[in-house]
Number of protein chains: 2
Amino acid sequence: MNLTYHEIDRMWTSWKHITKLDPDKKNTKKIIKTVINSGTDAIMISGTLGVNKENALRLYNMIKDYDIPKIQEPSSPYCILDDVDYIFVPSVLNSIDAKWICSYHKDWIRNQNFDMQWDKIIPEAYIVLNQNSAVCRLTRAIYDLDIKDIVAYSMMAERFFKFPIIYIEYSGSYGNKEVVKTVKESIKDAKLFYGGGINNKERANEMRKYATIVVGNVVYEDLDAYLSTI
Amino acid sequence: MNLTYHEIDRMWTSWKHITKLDPDKKNTKKIIKTVINSGTDAIMISGTLGVNKENALRLYNMIKDYDIPKIQEPSSPYCILDDVDYIFVPSVLNSIDAKWICSYHKDWIRNQNFDMQWDKIIPEAYIVLNQNSAVCRLTRAIYDLDIKDIVAYSMMAERFFKFPIIYIEYSGSYGNKEVVKTVKESIKDAKLFYGGGINNKERANEMRKYATIVVGNVVYEDLDAYLSTI
């Protein structure tokens, strides 16, 4: 699917608010409609567990005709859609397991027989910090990092690996504002994304000072609270 | 140490032949003199085992006054020298252990208190392929890769992580020419380096068609054979 003029106008680097929809959750027409009309900058199709090509495609088909940028953030090489506008590909830098840093990525390229749409692939340097989250358990992330570790990972992501996005991930809990602020101050060109526990206006306003905010779970819990995060 | 005009003239991207000297081996004056006058483009201070700041510095001091580019390729964050012209930092992409991909790198940045000489740090995407080598055992590299895996790793290194160097490492044995040729054809902007088993003119000429060659062990075995690789 080609980007419309409207979408090109909202290229990802200018986004301030992204809504994550999980293919493994119940995506009602009411949810989709609310999100589309909310003023969010983009919809990200993303989930840690239970995502496959079938349910990812089902969710994509619910949003494909709306004029809003559509991202997929795959959790494995086996659920990737062809027609989204962007594929944001996480690399979990604080995982102890190479699979989540780069070897799944190699598998994907191999499985695609080297035929990659590089223009729409945007690498994300994930730093996973909530030990109770599914993503932390799944990727075996070293979560007990102090601020110096987190800044060192961020600086490495930007300067050594040239990631365009650093993603501070507290999925399921609200993160430490000082961490997000300090990381923001320590990077130069990369965009900072923050996700985790944003379920009201106050939290949204606090984190958006430093990062593009990614709002997810609250969509499935309280649509009015979701709208207050915009 | 500032680069001389002579050195600036030989910036790393134009190098065709690099000589690796190992701080843990016996570096005689005769070896140093032969290497300096050989016509090699640069000297790389590098070894897998037994390298520490003390012996790395001792070797550096033997070469520091010669007008030749001096690189360090550290095997850990604990042996890094301040005064070399370049620090080529490996990331072993086919290791199963995050330490050798990115977590040692994070430790280094943290230990330096974020004060990094980024201009002289050049990231290298290592693909380690000789199962009998010390580097393969140390980094727990998955060595039984077929050509499609190796190309997928190379493409990922260049396009996803933006590595300026892809390093095909057969350390201790002579590699597969077809592998090196195919990788060369599958990358665009990254420089391809090849190391392993280059101990005569024929091998040097074969691999230099596709890659910058890195010559190491033969220096300690047969200086005439070394000179024939230039």
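Our subject is the structure that appears above.
The shown structure was predicted, so the numbers you read here are calculated from the model rather than taken from an experiment.

A.B. asks: Mind showing me how you'd approach unusual backbone geometry here?
C.D. replies: Leaving glycine aside, a negative phi is the common case for residues, and trans is the common case for peptide bonds. Although it is not a glycine, Arg 140 of chain A sits at a positive phi angle of roughly 50°. Relative to the helices and strands, Arg 140 of chain A resides in the loop between helix H5 (134-139) and helix H6 (147-160). Its identity as a non-glycine residue notwithstanding, Phe 114 of chain B has a phi of 70°, on the positive side. The residue Phe 114 of chain B is located in the loop between helix H4 (98-111) and strand S5 (121-128) in this model. You can call Phe 114 of chain B partly exposed: its relative accessible area is 23%.

A.B. asks: Please explain the sheet that holds S5 of chain B as it appears in this structure.
C.D. replies: Sheet strands pair by backbone hydrogen bonding; their relative direction is either parallel or antiparallel. All names here are of chain B. Strand order in this closed barrel of 8 strands is S1-S2-S3-S4-S5-S6-S7-S8, and the pairing throughout is parallel. Along the sheet, successive strands turn relative to each other by an average axial angle of 30°, direction set aside. Looking at chain direction, strand S3 (residues 70-72) and strand S4 (residues 86-92) are connected through 2 bridges and run parallel. Each bridged residue has a counterpart across the sheet, and for Gln 72 the counterpart in S4 is Ile 87.

A.B. asks: Explain the interface of chain A and chain B to me, please; I cannot follow it from the model alone.
C.D. replies: A common way to report how large an interface is uses the accessible area buried once the components associate. Listed by partner, the interface residues are 31 residues for chain A and 31 residues for chain B. Between chain A and chain B, roughly 3,200 Å² of surface is buried when both sides are summed, and carbon and sulfur atoms account for 73% of that area. When the shortest N-O distance is used, the salt bridge between Arg 110 of chain A and Asp 146 of chain B registers 2.6 Å. Summed over the shared surface of chain A and chain B, the number is 8 residue pairs in polar contact (both at pLDDT 80 or more). Looking at the side of chain A that touches chain B, the elements that each hand over two or more residues are strand S4 (86-92), helix H4 (98-111), strand S5 (121-128) and H6 of chain A. A per-element tally of the side of chain A that touches chain B places H6 of chain A first, with 9 residues. Taken together, the residues of the side of chain A that touches chain B break down into 19 nonpolar, 5 polar and 7 charged.

A.B. asks: Is there a simple way to think about the packing of aromatic side chains in this case?
C.D. replies: Any pair of aromatic rings gets described here by the distance separating the centres and the angle formed by the planes. All names here are of chain A. Applying the stated criterion across every chain, the model contains 33 aromatic pairs over all chains. Taken together, a centroid distance of 6.4 Å and an interplanar angle of 80° make the contact between Tyr 174 and Tyr 194 edge-to-face. Of this pair, Tyr 174 sits in the loop between strand S6 (165-169) and helix H7 (177-186) while Tyr 194 sits in strand S7 (residues 191-195); the two residues are 20 residues apart in sequence, bridging distant segments of the chain. Taking the relative accessible area as the measure of exposure, Tyr 174 reaches 22% and is therefore partly exposed. Members of the aromatic cluster, connected to one another through ring pairs, are Trp 12, Trp 15, Tyr 86, Phe 88, Tyr 126, Tyr 167 and Phe 193.

A.B. asks: What is the right way to read the relation of the copies chain A and chain B from this model?
C.D. replies: Relating the two copies of this chain is a rotation about some axis coupled with a shift parallel to it. Superposing chain A onto chain B takes a rotation of 180° plus a shift of 0.0 Å along the axis, which leaves an RMSD of 0.0 Å. Taken together, the rotation angle and the small translation identify this as a two-fold axis. Here 100% of the contact residues of chain A are again contact residues in chain B; the copies associate through an equivalent surface.

A.B. asks: What is the right way to look at the pairing of S7 of chain A in this model?
C.D. replies: Consecutive residues of a regular strand have side chains that alternate between opposite faces of the sheet. All names here are of chain A. Counting buried residues in S7 gives 4 out of 5 residues, a clear majority hidden from the surface. In the classification by handedness, the crossover that spans S6, the intervening H7 and the parallel S7 is right-handed. Both S7 and strand S8 (residues 212-215) contribute to a ladder of 3 bridges, which runs parallel. Paired with Gly 195 across the strands is Val 214, a residue of S8. Running through helix H8 (residues 201-208), the crossover from S7 to the neighbouring parallel element S8 is right-handed.

A.B. asks: Help me understand the packing of H6 of chain A against H7 of chain A, please; the structure alone is not making it clear to me.
C.D. replies: Between two packed helices, the angle of one axis relative to the other and the distance separating the axes together describe the packing. All names here are of chain A. Contact geometry of H6 with H7 gives a least axis separation of 10 Å together with a crossing angle of 35°. For the element pair H6 and H7, the recorded crossing hand is right-handed. On the side of H6, the interface is formed by Ile 147, Ile 150, Val 151, Ser 154, Met 155 and Glu 158, while H7 contributes Glu 178, Val 179, Thr 182, Val 183 and Ser 186. Taken together, the residues of the contact of H6 with H7 sort by class into 6 nonpolar, 3 polar and 2 charged.

A.B. asks: Just to check I follow, could you spell out the pattern of salt bridges for this structure?
C.D. replies: Close approach of charged atoms allows side chains with opposite charge to pair. Applying the stated rule across the entire model yields 14 salt bridges over all chains. When the shortest N-O distance is used, the salt bridge between Asp 97 of chain A and Arg 140 of chain A registers 3.7 Å. Residue Asp 97 of chain A is located in the loop between S4 and H4, and its partner Arg 140 of chain A is located in the loop between H5 and H6; the two are separated by 43 residues in the primary sequence. We classify Arg 140 of chain A as partly exposed; its relative accessible area is 45%. Each of Lys 106, Asp 107 and Arg 110 of chain A together with Asp 146 and Asp 149 of chain B takes part in salt bridges that share partners, so that together they form one network.

A.B. asks: Please clarify how the nonpolar core should be interpreted in this entry.
C.D. replies: In this structure, Leu 93 and Ile 168 of chain A together with Leu 93 and Ile 168 of chain B are the most contacted members of the largest nonpolar core, which totals 126 residues. With residues near it in sequence (within four places) discarded, Leu 93 of chain A still touches Ile 101, Ala 125, Tyr 126, Tyr 153, Met 156, Ala 157 and Phe 163 of chain A together with Cys 102 of chain B.

A.B. asks: For this particular structure, what's the right way to read the side chain of Lys 20 of chain B?
C.D. replies: All names here are of chain B. Relative to the elements of secondary structure, Lys 20 occurs in strand S1 (residues 17-21). Given a relative accessible area of 14%, Lys 20 falls into the buried group. A polar side-chain atom of Lys 20 sits 3.1 Å from a polar atom in the side chain of Glu 73. Side-chain polar atoms of Lys 20 contact the side chain of Tyr 126, separated by 3.1 Å. Apart from residues no more than four positions distant in its own chain, Lys 20 is found in contact with Met 44, Ser 46, Glu 73, Tyr 126, Tyr 167, Glu 169, Val 214, Val 215 and Gly 216.

So, how was this worked out
Residues numbered from 1 in each chain as written. Chains lettered and ligands numbered in written order. Predicted model: local features only at pLDDT ≥ 70, side-chain atom pairs only at ≥ 80, totals over all residues. Heavy atoms only, no water. Helix = DSSP H or I, 4+ residues; strand = E, 2+ residues; numbered from the N terminus. Buried < 20%, exposed > 50% of the residue type's maximum accessible area, 1.4 Å probe, protein only. Pairing = 2+ DSSP bridges. Axes fitted to C-alpha atoms, helices over the stretch in contact; angles between N-to-C directions. Contact = heavy atoms within 4.5 Å. Buried area = accessible area lost by both parts, 1.4 Å probe. Salt bridge = Lys/Arg side-chain N within 4 Å of Asp/Glu carboxyl O. Polar contact = N/O pair within 3.5 Å; in protein donor to acceptor, adjacent residues only side chain to side chain. Nonpolar A, V, L, I, M, F, W, Y, C, P; charged D, E, K, R; others polar. Phe/Tyr/Trp six-rings, centres within 6.5 Å; stacked < 30°, edge-to-face > 60°. Least-squares fit on C-alpha atoms with pLDDT ≥ 70 in both. Right-handed = clockwise from strand over helix to strand, strands pointing away. Left-handed = near helix turned anticlockwise from the far one by under 90°. Core = buried A, V, L, I, M, F, W, Y, C linked by side-chain atoms within 4.5 Å.

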